[in-house]
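# Inside the fold
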Amino acid sequence: MAAHAQFARMNGLGNRILVVDMRGRRDAVTPRAAIALAADPATGFDQIMAIHDPRTDGTDAFIDILNCDGSKAQACGNGTRCVVQALAGETGRKTFTFQTVAGILNAVEHEDGTISVDMGRPVFDWDRIPLAEEFFDTSRIELQIGPIDAPVLHSPSAVSMGNPHAVFWVERDPMSYDLDRFGPLLENHPMFPERANITLAQVTSPSAMTTRTWERGAGLTLACGSAACAAAVSGARTGRTGRTVAVTVASSPGRGTLHIDWREDGKVVMTGPAEWEWSGTLDPETGAFSRDEAGAAAL
Ligand SMILES: N[C@H](CCC[C@H](N)C(=O)O)C(=O)O
């Protein structure tokens, strides 16, 4: 039985995040704990962002990311904004540098409470996304679903934001597609050796789009930050949008917008909100948890 760790249940545009404080500890949140926590409707989460002591000079923390199916992820945009908000509340600081398995992320909390995260540079090389087949141009790969002569979804853009994404361009409201049926087929398609996050993107103007995502390792979520980055970059890459795009999420209208800026230096900066909901403590080994009674907005 491991000693309990403090956590906060937060969300980013409805993407449900558990921010777990693992600082000062040598153990880690286990896949078993993630699966157990996900099985309990009282927690209901999509990703765990486990904050560990820094492993590299110049960074504030190492962030370990787990999906609710227990799999590890290399990036989580919404989760990173939640970590920034939690640590800003704890320390009074506004800028942070984190390390994940994918690299270094710089982040800042603005005066209005929104948070910007430098998500790094997108990767387009087929073998680094990765894809199972060689494509010279990964902005439009040969993949479709549905009847051969009338595919429901086809020709997605593929990109890595540290984690793999396929972005399908749709003309109708993304909510009008059976993504709950197509999502798992595409997530686990042989084209994606490490599976993939599957996004439907409807471009509504040269600087705006609406997305809906079936997430690798989490299924249909209300929002996906790295998918918003993947879609915005792919929109610019295919000439559908400019390099600055406002991304709204179809599944939870009115929750706000993620502003994505694919800068001239190649880095993708995502800006958006984070929201604290409640706190608790959990056993990082088994997932046993208890909810704090007091509603103290803290880790
Ligand atoms: N399911 C993703 C990780 C979480 C991404 C998402 N929640 C975000 O905000 O970026 C993956 O396995 O690559």
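About the thresholds
Residues numbered from 1 in each chain as written. Predicted model: local features only at pLDDT ≥ 70, side-chain atom pairs only at ≥ 80, totals over all residues. Heavy atoms only, no water. Near = heavy atom within 4 Å. Polar contact = N/O pair within 3.5 Å; in protein donor to acceptor, adjacent residues only side chain to side chain. Areas by Shrake-Rupley, 256 points an atom, 1.4 Å probe, with all protein chains shown as cover. Helix = DSSP H or I, 4+ residues; strand = E, 2+ residues; numbered from the N terminus. Nonpolar A, V, L, I, M, F, W, Y, C, P; charged D, E, K, R; others polar. Expected span 1.5 Å × (residues − 1). Buried < 20%, exposed > 50% of the residue type's maximum accessible area, 1.4 Å probe, protein only.

## With respect to the site of the ligand
Close to the ligand lie 15 residues, the nearest being Asn15, Glu215, Arg216, Gly225 and Ser226. Measuring from a nitrogen atom of the ligand, one finds a side-chain N or O atom of Gln47 at 2.9 Å. Here Asn78 contributes a backbone N or O atom positioned 3.0 Å from an oxygen atom of the ligand. For the ligand, the protein covers 100% of the area, taking 360 Å² as the surface of the free molecule. Mapped by element, the contributors of at least two residues to the shell around the ligand are helix 2 (77-91) and helix 4 (225-237). In terms of residue class, the shell around the ligand is built from four nonpolar, nine polar and two charged.

## Some remarks on helix 2
Counted at 1.5 Å a residue, the expected span for helix 2 with its 15 residues is 21 Å, and the 21 Å between its end C-alpha atoms agrees. Of all 15 residues in helix 2, 12 are buried; the element is thus mostly enclosed. For helix 2, the set of buried residues is Gly77, Asn78, Gly79, Thr80, Arg81, Cys82, Val83, Val84, Gln85, Ala86, Leu87 and Ala88. Among the residues trailing helix 2, Gly92 stands out with phi positive, at a value near 80°.

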